[in-house]
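The lines below spell out each chain.
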Amino acid sequence: MFDQSIRPRRLRTSDTLRRMVRETRVSPDSLVYPAFIAEGEHIYREIPSLPGQYHYSPDELPRLVERLCAHGVSRVMLFGLPAHKDAEGTAAWAEDGIVQQGIRRLRDLMPGLYIITDVCMCEYTSHGHCGILCGHEVDNDRTLECLARIALSHARAGADMVAPSDMMDGRVAAIRRVLDGNGFCNIPIMAYSAKFASSFYGPFRDAAGSAPAFGDRKSYQMDWHNAREAMRECALDVREGADIIMVKPALAYLDLIHEARSRFDLPLAAYSVSGEYAMIKAAAAAGLIDEHGVMCESAAAVYRAGADILITYYACELAGAIRAGEIG
Ligand code: PBG
């Protein structure tokens, strides 16, 4: 007869015990909340493609701070919606640019807030690509200068950390050099290392007005068939001086999160992107799934795969779920 002395169900008999033997532990400290700052005044507008998320103008940022404080979330990642765009994305590094204004305002409102900025050009260029164009191609090396300028202007405005999301070759080294040369050697770089040309970014592009006017991003963001190349990208960013590496999106790329965890010893972030959030919202709105349960289970999967940090539009709700013991 089969040996019945071994019974895995024994460790599942009560909530207290289940929580004792949990293998994946998560904390609100590991959550980063993405926020959209829009140039203008009196803008507090729900984003149609991301129900429950808002555009905030700088004067409306107290509402964002209220939300963060209510949930005990103290790390944000800022995205900017400028009033004007041009071919070179110059508003991205303007001293009074929208992200720069947002950083200063948030600094005043919530001194303990840890502010990470997304460094990219697609929200600022009239053509919507992530760099300077040469014909219909993004010119890698000219773009590096702009990215370094953007990162420096964010640091000067008071950002705690910069996160380049453009996928140009050599951008981590270029940003590191310029930050160090200007007295910002202690500002860490979180590199979007393995960022894929993903259809999961759709709702974000509506939210940020950053869809490319022509073509796609496949000449710089990665082909989602490739895993070894993703590890090569991570290794390059490590060599160039990244402090944190990232895999993006999250849920469809758990294998890469796991692989990056085992190969690299830097902290590893995963970005659960707009499409992941919007799918859960839409399915819940249609009465098909339990939103809270799916949110918790999806987040736990990302941590279980090996992520240390989760960037997610659900950061506030997840912080609450963690404190309530519903996850982690
Ligand atoms: C900017 C950027 C994008 C996202 C983060 N930074 C859009 C893109 O690359 O097209 C996507 C985030 C999301 O979908 O939630 N390059």
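In what follows, the accompanying structure is described. This is a predicted model, so every value here is computed, not measured.

What follows covers the site of the ligand. Near the ligand, the surroundings consist of 18 residues, among which Lys195, Arg205, Lys248, Ser274 and Tyr313 are the closest. Between the ligand and the protein, one listed contact pairs an oxygen atom with a side-chain N or O atom of Arg205 at 2.6 Å. The separation between an oxygen atom of the ligand and a polar side-chain atom of Tyr313 is 2.6 Å. Protein coverage of the free-state accessible area of the ligand, which is 400 Å², stands at 100%. Comparing atom positions with the cavity grids shows the ligand to sit within the largest cavity. Of the residues in the shell around the ligand, the class split is 9 nonpolar, 3 polar and 6 charged.

This brings us to unusual backbone geometry. A cis amide bond, omega -10°, links Lys248 with the succeeding residue Pro249. Position of Pro249 relative to the elements: it lies in the loop between strand S10 (244–248) and helix H8 (254–263). Despite not being glycine, Met167 has its phi angle at roughly 70°, a positive value. Note on placement: Met167 falls in the loop between strand S8 (161–164) and helix H5 (171–181).

Now for the environment of Gly325. Note on placement: Gly325 falls in the segment after helix H11 (315–323). In this structure Gly325 comes out as buried when scored by relative accessible area, which is 12%. Once the C-alpha coordinates of Gly325 and Asp15 are considered, the two residues, 310 residues apart in sequence, prove to be 9.7 Å apart. Here Gly325 is in contact with Arg19 and Arg22, once residues within four sequence places are set aside.

A few words now on the pairing of S10. In terms of burial, S10 is a largely internal element, 5 of the 5 residues being buried. Here strand S9 (residues 190–195) pairs with S10 via 4 bridges, running parallel. Residue Ala191 lies in a different strand from S10, and its bridge partner there is Ile245. Of the pairings in the sheet, the one linking S10 to strand S11 (residues 268–272) comprises 3 bridges and is parallel in character. Within S11, the position partnered with Met246 by the bridge is Ala269. The parallel pair S10 and S11 is bridged by H8, and the resulting crossover is right-handed.

Attention shifts here to the nonpolar core. Phe36, Met77, Leu106, Met190, Ile257 and Tyr271 are the most contacted members of the largest nonpolar core, which has 114 residues in total. Take this core: its biggest share by element is 8 residues, from helix H4 (residues 140–157). The residues touching Tyr271, leaving out its near neighbours within four places in the chain, are Pro34, Met77, Phe79, Tyr192, Met246, Val247, Lys248, Pro249, Ala250, Glu276, Ile311 and Tyr313.

One pass over the full model with this rule turns up 14 salt bridges. The partner of Glu88 in a salt bridge is Arg142, and the shortest N-O contact between them spans 3.6 Å. One end of the pair, Glu88, is in the loop between strand S4 (75–81) and helix H3 (98–109); the other, Arg142, is in helix H4, with 54 residues separating them in the sequence. Taking the relative accessible area as the measure of exposure, Glu88 reaches 35% and is therefore partly exposed. Asp243 is the partner of Arg176 in a salt bridge, and the nearest nitrogen-oxygen pair spans 3.7 Å. Of the two residues, Arg176 sits in helix H5 while Asp243 sits in the loop between helix H7 (228–240) and S10, which places them 67 residues apart along the sequence. We classify Arg176 as buried; its relative accessible area is 13%. Residue classification places Asp243 among the partly exposed positions, given a relative accessible area of 31%.

Scoring rules and cut-offs
Residues numbered from 1 in each chain as written. Predicted model: local features only at pLDDT ≥ 70, side-chain atom pairs only at ≥ 80, totals over all residues. Heavy atoms only, no water. Near = heavy atom within 4 Å. Polar contact = N/O pair within 3.5 Å; in protein donor to acceptor, adjacent residues only side chain to side chain. Areas by Shrake-Rupley, 256 points an atom, 1.4 Å probe, with all protein chains shown as cover. 1 Å grid on protein atoms, 1.4 Å probe; cavity = no way out; pocket = protein on both sides within 12 Å on 5 of 7 lines; lining within 4 Å. Sits in = over half its atoms within 2 Å of the grid points. Nonpolar A, V, L, I, M, F, W, Y, C, P; charged D, E, K, R; others polar. Helix = DSSP H or I, 4+ residues; strand = E, 2+ residues; numbered from the N terminus. Buried < 20%, exposed > 50% of the residue type's maximum accessible area, 1.4 Å probe, protein only. Contact = heavy atoms within 4.5 Å. Pairing = 2+ DSSP bridges. Right-handed = clockwise from strand over helix to strand, strands pointing away. Core = buried A, V, L, I, M, F, W, Y, C linked by side-chain atoms within 4.5 Å. Salt bridge = Lys/Arg side-chain N within 4 Å of Asp/Glu carboxyl O.

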